[in-house]
Amino acid sequence: MDGEHSALSGVERERERLPPIYNSSPPAGLGRGAKQPFPSLGTFISTLSQRRDMAGRGLAGGIMGNLTGNHGLRHGRELPPICSNVRQKHRLSIDTLPPEVKAPFPSDPIIPLRTKTTKEFQEDMERALQSGDWREVREFYLTTFDSFIEINAAFKREANGLFNTIEDSGVNTKFVNAVYDALLNTPQDIQKSVLKGIINSLLREWKGPRTKDDLRAYFILVQNPQYSSTSTYVIYAHLLRQIAALSEADHHFLVHWFKKLSARRFRQLVERLLQFISTRLFPAEPDEFPPLSKCAWWIPSATKVLSLFNAANSVSSPPIMSFTDFYNITLEHIDFMEDYRSWQNYGNSNRFSFCQFPFILSTVVKKAIIQKDSEQQMISQARQSLVSKVSRRQRVDMNLLFLNIKVRRAQLLSDSLDELTRKRCDLKKKLRVTFVGEAGLDMGGLTKEWFLLLVRQIFHTDYGMFTYMKDSRCHWFSSWKCDNYSEFQLVGTLMGLAVYNSIALDIHFPLYCYRKLLTPPTVPCDQNALVGMANATLDDLQQIMPELAHGLGELLSYEGNVEEDFYLTFQVFQEEMGVVKSYNLKPGGDKIPVTKQNRKEYVQLYVDFLLNKSIYKQFAAFYHGFHSVCASDALMLLRPEEVEMLVCGSPELDMSALQKAAQYEGYSKTDATVRCFWDVVLAFPLELQKKLLHFATGSDRVPVGGMADLNFKIAKIDVPTDWLPISHTCFNQICLPPYRTRKELKQKLTIAISNAEGFGLE
């Protein structure tokens, strides 16, 4: 271990010599209010002309121009400037830059010729493993990782080739994988020599502008499997620091190179970064790492590098990993409200917060932020009401702390609409429902029942507000025109209340609906501003009207005479309440034929008409209803998929978790009937498990907090065993007669859940 300590102590000695990473003042274009995770390449190009003077003054332009070391913990401090008079050039491609910002780049050093092949290296390893003579392998590792030039010499496919495109890193990936796969099987002294070489490389290569060969070296070094060990974290942190400080254009290249990695290695790198952040936040031993005050830049650097992988994942089609695999569950245990307030106050300026990188925050954290944010607004409103009443010497009624809804079952929809309209100032308060003429205190069951009954009535096909698309099995907005769209606002309000009150709704909107709901994520101050007008594509139409989307796709790929064979114009027809109406997609559209030259425009306008313009008033009312409850900056943190999860719950079922969280009434978990029940349920196929959940709770999805949040209960009902099970969806309860055999229970339960309506569903 002496060699390892020596390597690490070398880092400790040199750490103070490494220049700091971030600027002390924000660059132009990253003002206080901006709240995007990081600027896109398009933003970079569009603002280059504005930054010419900055480039001349030698300011660095990283992915998040300036951050501080404060990562939501109280020991954070401002980080000093990167290095005086060091210019970081944007390495997109000099030919794409405006002429006035072009400057002669220093010529790249000549890379020595190394001829070792993957096969030769593997043969060297085999000989070393058999003979115990590691000299040749040791020399290879010692030379290869000694500098960025040597890294390129070993792994670049052509030593002095340019490879200046985002599509090709020029790296011999097979050779890199072979060298790294073998590294952990070499003697400790070889592994330590690699770490020492990396230290020397990072110290030597810090100064000066970056070349593509530098990017290649970073790309190769970040894949080193040694960083899985906490003993290498100091070195890993300095590598991440340098990568995070690269220019936006350099990051753009890395993003596209990362997406070329195999799915397995890509996932390993993401998991390694997540583990690094978690371990730095909550180390196993208090003295395992340098004091937080001296390495406050660790977490910001790692999070920014992780954002490059998230960007690579986003631009891959299909994505390499699920977006949920970027969640860091550890962050559920930090003071995320402090982090959120810091983000609200400082935006994406000069203070780090995890909210700048929302992909790393789980839906559990985002839901909690939305609820706490709304609660704080509600408490503020309630306090004002209390103060007002006390100042006027009026009697204080505790009901003012609640959103009290009183409805008649016979007039459920109209009463609900009237109540929510009349009490729109109280929407952020805790919901409490009363059915007129019925005794009982709402402990959650009546609220759940109110949601279930309203959703069933609103989405019934006879009601006409929404159309059920059989092919895609989802609902979409009816395009019929009317004078009052308040009922669509009611649906939006209902969805917002469900999120705020942790009720999963059994509704089926396409994902595009939630994207519209976040366009924009906060309500514009200008009342005339358009809302919900998300960019619509043929893929979005595919989610809703797959048959029509297929037909439009065939139109785009048709090789014949489009005008004569299809005989279309820029006019479309739509049936509304039994009447067929025509609409021009552009002025004079009925006289403009669709041709091979303009068919793309026709398809784009048609899709936009169907998903945006034809239902604009309906969706605008729906949008404002939702945001009247969930008016929070936290919505900026959400993806459309996450909004769907908040409204409807998660589709991922874990019946074992449900078994662990289950409660019992009249039974115990050791009773024969209960044991038979779980044997049957755990053996059910997924489709029957979903039906069981729907039978018991009114929805086949799981709350964001998991199965434990369901408060699922199995109760005993003293009736003959020829009865079917009964459910109380308002209380997430299933009532089981004392069935004597597993076969009998399975038969009765399957019948009940497969034919839920009319079989005791209450």
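As annotated in an unreviewed UniProt entry, the chain is HECT-type E3 ubiquitin transferase from Astatotilapia calliptera. Per its UniProt entry, the chain bears the Catalytic activity (unreviewed entry) comment "S-ubiquitinyl-[E2 ubiquitin-conjugating enzyme]-L-cysteine + [acceptor protein]-L-lysine = [E2 ubiquitin-conjugating enzyme]-L-cysteine + N(6)-ubiquitinyl-[acceptor protein]-L-lysine."

**Q** Account for the overall build of the chain, naming residues and giving values.
**A** Secondary structure assignment for the chain yields 29 helices and 10 strands. Across the chain, every contact between residues at least 6 apart in sequence was considered, and the portion connecting residues at least 24 apart equals 74%. Accessible surface, the chain: about 35,200 Å² in total, of which carbon and sulfur atoms supply 52%.

**Q** I'd like a description of the environment of E641, backed by residues and values.
**A** Looking at the element boundaries, E641 is found in helix α25 (residues 640-648). As for E641 and R515, which are separated by 126 residues in sequence, their C-alpha atoms are 8.4 Å apart. Beyond its immediate chain neighbours, meaning those up to four positions away, E641 contacts F323 and L511. A distance of 3.1 Å separates polar atoms of two side chains, one belonging to E641 and the other to R639.

**Q** Talk me through the packing of helix α5 (residues 135-144) against helix α8 (residues 188-204); I want residue IDs and the actual numbers.
**A** α8 packs onto α5 with a crossing angle of 15° between their chain directions and a minimal axis gap of 8 Å. Classified by the angle between their axes, α5 and α8 sit roughly parallel to one another. The handedness of the crossing between α5 and α8 comes out as right-handed. Counting all contacts with α5, which are made through V137, R138, Y141 and L142, the residues of α8 involved are D189, I190, S193 and V194. The residue makeup of the contact of α5 with α8, split by class, is 5 nonpolar, 1 polar and 2 charged.

**Q** Give a description of the packing of aromatic side chains that names residues and reports values.
**A** Taken as a whole and assessed by the stated rule, the structure comprises 52 aromatic pairs. When the centroid spacing of 5.4 Å and the interplanar angle of 65° are considered together, the rings of F266 and F309 count as edge-to-face. Taken together, the residues span a long stretch of sequence, with F266 in helix α12 (residues 263-281) and F309 in helix α13 (residues 298-315) at a distance of 43 residues. Relative accessible area serves as the criterion here: at 0%, F309 is assigned to the buried category. Relative to F488, the ring of W480 lies with its centre 6.0 Å away and its plane at 45°, an arrangement referred to as tilted. With a relative accessible area of 1%, F488 lands in the buried category. Grouping aromatic residues by their ring pairs yields a cluster made of F459, F466, W476, F477, W480, Y485, F488, F509, Y512, Y514, F619 and F622. Positioned above the aromatic ring of F435, the side-chain terminus of R409 is 4.1 Å from the ring centre. We note R432 situated over the ring of F402; from NZ or CZ to the ring centre the distance is 4.1 Å.

**Q** Let's hear about helix α18 (residues 486-500): which residues, and what values?
**A** Taking 1.5 Å per residue, 15 residues should reach 21 Å; α18 reaches 21 Å between its end C-alpha atoms and fits that length. Burial of α18 is extensive: 13 of the 15 residues sit out of reach of the surface. Taken from the residues just after α18, S502 is the one with a positive phi, measuring 60°.

**Q** Give a detailed account of the pairing of strand β6 (residues 579-584), specifying residues and quantitative values.
**A** Looking along a regular strand, one sees side chains alternate from face to face of the sheet. Looking at chain direction, strand β5 (residues 571-576) and β6 are connected through 6 bridges and run antiparallel. Bridge pairing in β6 links E576 to V579.

**Q** I'd like a description of the UniProt feature "active site" (unreviewed entry) in the chain, backed by residues and values.
**A** The feature "active site" (unreviewed entry), as annotated in UniProt, sits at C730 in this numbering. Take C730: it is sitting in the loop between β9 (726-728) and β10 (733-736). Overall, C730 belongs to the buried group, its relative accessible area being 12%.

**Q** So, the packing of helix α9 (residues 212-221) against helix α11 (residues 248-258): which residues are in play, and what are the values?
**A** For any two helices packed against each other, the geometry comes down to the angle between their axes and how far apart the axes lie. Running from amino to carboxyl end, α9 crosses α11 at an angle of 45°, the nearest separation of the two axes being 11 Å. What the angle tells us is that α9 and α11 run oblique. Considering how the two elements wind past one another, α9 and α11 form a crossing that is right-handed. The segment α9 lies against α11, with K212, L215, R216 and F219 engaging D250, F253, L254, W257 and F258. Tallied by class, residues from the contact of α9 with α11 come to 6 nonpolar, no polar and 3 charged.

**Q** Run through unusual backbone geometry, naming residues and quoting values.
**A** At the junction of S317 and P318, the peptide bond is cis and its omega measures out at 0° in the coordinates. Structurally, the position occupied by P318 is in the loop between α13 and α14 (336-346). Following T519, the chain continues into P520 via a peptide bond in cis, with omega recorded as -5°. Mapped onto the elements of the fold, P520 is located in the loop between α19 (511-517) and α20 (538-544). Phi angles above zero are rare outside glycine, and R473 is one such case at about 55°. With respect to the element layout, R473 can be found in the loop between β3 (466-469) and β4 (474-477). Positive phi values are uncommon outside glycine, yet N711 reaches one of about 55°. Positionally, N711 belongs in the loop between α28 (686-697) and β8 (713-716).

**Q** Could you give an account of the pattern of salt bridges, with specific residues and numbers?
**A** Any two side chains of opposite charge can pair, given that their charged atoms come close. Taken as a whole and judged by the stated rule, the model has 27 salt bridges. Across the pair E601 and K586 runs a salt bridge, and its minimum N-O distance is 2.9 Å. With a gap of 15 residues between them, E601 in helix α23 (residues 599-611) and K586 in the loop between β6 and α23 connect regions that are remote in the sequence. Using a relative accessible area of 36% as the deciding quantity, one classes E601 as partly exposed. Taken together, the shared-partner salt bridges in this structure form one network comprising K116, D124, R127 and E136.

**Q** Lay out the sheet that holds β9 with the relevant residues and their values.
**A** One open sheet accounts for 4 strands, arranged β7-β8-β10-β9; its pairing is mixed. Every other strand in the sheet has two partners, leaving β7 (663-665) and β9 as the edge strands with one partner each. Taken over all neighbouring pairs, the strand axes of this sheet differ in orientation by 25° on average, direction set aside. Pairing between β7 and β8: 3 bridges, direction parallel. Bridge pairing in β8 links Y664 to I714.

**Q** Describe the confidence of the model for the chain, listing the residues and the values that go with them.
**A** Of all residues in the chain, 83% attain a pLDDT of 70 or more, and the chain-wide mean is 83. In this model residues 1-106 is a low-confidence stretch, pLDDT under 50, and it forms 226 contacts with partners more than four residues away in sequence or in other chains. Counting interchain partners and residues more than four positions distant, the pLDDT-below-50 stretch residues 757-762 has 16 contacts.

Reading the values: the criteria
- Residues numbered from 1 in each chain as written.
- Predicted model: local features only at pLDDT ≥ 70, side-chain atom pairs only at ≥ 80, totals over all residues.
- Heavy atoms only, no water.
- UniProt positions renumbered as here; feature names shortened; annotations may be inferred.
- Helix = DSSP H or I, 4+ residues; strand = E, 2+ residues; numbered from the N terminus.
- Contact = heavy atoms within 4.5 Å.
- Areas by Shrake-Rupley, 256 points an atom, 1.4 Å probe, with all protein chains shown as cover.
- Polar contact = N/O pair within 3.5 Å; in protein donor to acceptor, adjacent residues only side chain to side chain.
- Axes fitted to C-alpha atoms, helices over the stretch in contact; angles between N-to-C directions.
- Parallel < 35°, antiparallel > 145°, perpendicular 65-115°, else oblique.
- Left-handed = near helix turned anticlockwise from the far one by under 90°.
- Nonpolar A, V, L, I, M, F, W, Y, C, P; charged D, E, K, R; others polar.
- Phe/Tyr/Trp six-rings, centres within 6.5 Å; stacked < 30°, edge-to-face > 60°.
- Buried < 20%, exposed > 50% of the residue type's maximum accessible area, 1.4 Å probe, protein only.
- Lys NZ or Arg CZ within 6 Å of the ring centre and 35° of its normal.
- Expected span 1.5 Å × (residues − 1).
- Pairing = 2+ DSSP bridges.
- Salt bridge = Lys/Arg side-chain N within 4 Å of Asp/Glu carboxyl O.
- pLDDT = per-residue confidence, 0-100.

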